[in-house]
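Analysis of the macromolecular model
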Amino acid sequence: MDLDDIAARLGVPVEDVDRVHRLAGDRPSAPLPAEADAPAILDRLGVQPADTAEIMAGWPAPGSPLWTPELRWLLDRVIALVRADLGGHGWLSPGPELPRDRGPAWRHLYVYAYLALVDVVTGYHRDHGVAGSVTWATLADLGRNLAIDRRMHGEGWPVMQSWLTLHVRGGLYELGRLQHHRGDNAIGLHVPDSGPMTPESVDASLDEGRAFFPRHFPDERYTEFSCGSWLLDPQLREYLPEDSNIIRFQRRFTLLPYVEQDGPDADIEVLRFAFRTLSTPLDQLPRRTVLQHAIVDHLRAGRHWHWRHGHFPI
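Residues numbered from 1 in each chain as written. Predicted model: local features only at pLDDT ≥ 70, side-chain atom pairs only at ≥ 80, totals over all residues. Heavy atoms only, no water.

Let's talk about the pattern of salt bridges
According to the stated counting rule, one finds 18 salt bridges in the structure shown. Among the ionic pairs, D193 bridges to R276, the shortest N-O distance being 2.8 Å. Within this pair, whereas D193 is found in the loop between β3 (186–190) and α12 (199–216), its partner R276 is found in the loop between α14 (266–275) and α15 (290–300), the two being separated by 83 residues in sequence. Judged by relative accessible area, which is 7%, R276 ranks as buried. Two residues, D207 and R210, come together in a salt bridge whose shortest N-O distance is 2.7 Å. Of this pair, D207 and R210 both sit in helix α12, three residues apart, which is roughly one turn of that helix. (Salt bridge = Lys/Arg side-chain N within 4 Å of Asp/Glu carboxyl O. Helix = DSSP H or I, 4+ residues; strand = E, 2+ residues; numbered from the N terminus. Buried < 20%, exposed > 50% of the residue type's maximum accessible area, 1.4 Å probe, protein only.)

Here's what the structure looks like:
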């Protein structure tokens, strides 16, 4: 198919289609699981019934009228693009953001790509001796993020289609309370939405990480843990008590100097995390917790939150 025609039919810039074409090239794709097996796999990936129903309704079965030639081309090349970077740990955009209001095939194209790569990445994990419990805990971040997107009425997904490529390339592992992200000389830490971030749960997760990477990736050398997050913004200390979980998490890190625009927009990220909305006016947001009060008061005062980077020795 002509790339200009594909882009026009998808309603995306031709530059985005050309990038997928160049990065995927003629590299091999990977098949989706059998349609009959998909519900059990989705359940294992933590996908909730409402999301499973949508995914199955748009399943790319042969002859499905929902799947136009350009959609099938994009799905195949997205899978090939991500698979070609198996073992990679950098940020990777798998393809263009699609108009998700055109039905389940459009809304969940990147979910189908993720499902096609599950066998690929589980094989990679087995080759590195990773326990199945870690594999499935890691991959179940799909269900968590689909649930967040549903709660956010579709506002939560666009950044997630890139984020989830880390999981299916073997770049990230969920070890207890924290997700551990392979890097160059640092293990990046991410905080999923999975309950209280107590010091004890963080300690246990860090201990897991200290043992995990030398065991499963012995050729890689890590000297520190690192994190980039609005959770490390020292301004939070103006609002939260010193014994709060967030402040105790902050105190583990030596912060790097603040650089504006070094990371995502923290004002957006705090709203995404604390309220699961990006469009509700500030004066209509709930203020049930100290953190919610802090976020709203700070923004209503015309101030901004900062994305900060920090590290500490392993």
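Concerning the packing of aromatic side chains
Inspection of every chain in the model, using the stated rule, returns 13 aromatic pairs. Consider the rings of W59 and Y112, whose centres lie 5.8 Å apart with planes at 90 degrees: the pair is edge-to-face. One end of the pair, W59, is in the loop between α4 (49–57) and α5 (69–83); the other, Y112, is in helix α7 (residues 109–127), with 53 residues separating them in the sequence. Y112 shares its class with W59; the two are buried. Both rings, one in F213 and one in Y222, keep their centres 5.6 Å apart while their planes meet at 70 degrees; by these two values the pair is edge-to-face. Residues F213 and Y222 agree in their burial class; the two are buried. Here a set of aromatic residues connected by ring pairs shows up, and it is made of Y173, F212, F213, F217 and Y222. The ring centre of W106 lies 3.8 Å from the NZ or CZ of R102, which sits over that ring. If you follow R182 out to its NZ or CZ, it ends over the ring of F217, 4.3 Å from the centre. (Phe/Tyr/Trp six-rings, centres within 6.5 Å; stacked < 30°, edge-to-face > 60°. Lys NZ or Arg CZ within 6 Å of the ring centre and 35° of its normal.)

As for the packing of α7 against helix α8 (residues 132–139)
Helix-helix packing: each pair is described by the crossing angle between the helix axes and the interaxial distance. Between α7 and α8, the least distance of the axes is 11 Å, while the angle of their chain directions is 150 degrees. When the axes of α7 and α8 are compared, the pair comes out roughly antiparallel. For the pair α7 and α8, the sense of crossing is right-handed. Contacts from Y114, V118, V121, T122 and H125 in α7 reach T135, W136, T138 and L139 in α8. (Axes fitted to C-alpha atoms, helices over the stretch in contact; angles between N-to-C directions. Parallel < 35°, antiparallel > 145°, perpendicular 65-115°, else oblique. Left-handed = near helix turned anticlockwise from the far one by under 90°. Contact = heavy atoms within 4.5 Å.)

Regarding α5
In this model, α5 (15 residues) spans 21 Å end to end at C-alpha, consistent with the 21 Å of a helix rising 1.5 Å per residue. The buried count for α5 comes to 11 of 15 residues, which makes it a mostly enclosed element. Regarding α5, the residues found buried are E70, L71, W73, L74, L75, R77, V78, I79, A80, L81 and V82. Along its buried surface, α5 packs onto α1 (3–10), α2 (14–24), α6 (104–107), α7 and α11 (165–168). (Expected span 1.5 Å × (residues − 1).)

Details of the nonpolar core
Within the largest apolar cluster, 52 residues are counted, with the highest numbers of intra-cluster contacts made by L10, L45, I55, L74, L98 and L142. Counting residues per element, this core draws most heavily on α7, at 12 residues. Every residue in contact with L10, bar those within four places of it in the chain, is listed here: V17, E70, L71, L74, L98, P99, R102 and W106. In terms of nonpolar packing, the next biggest core, distinct from the first, is built from 40 residues, Y173, F213, F225 and A274 among them. (Core = buried A, V, L, I, M, F, W, Y, C linked by side-chain atoms within 4.5 Å.)

Keep in mind these numbers describe shape, not what the thing actually does.
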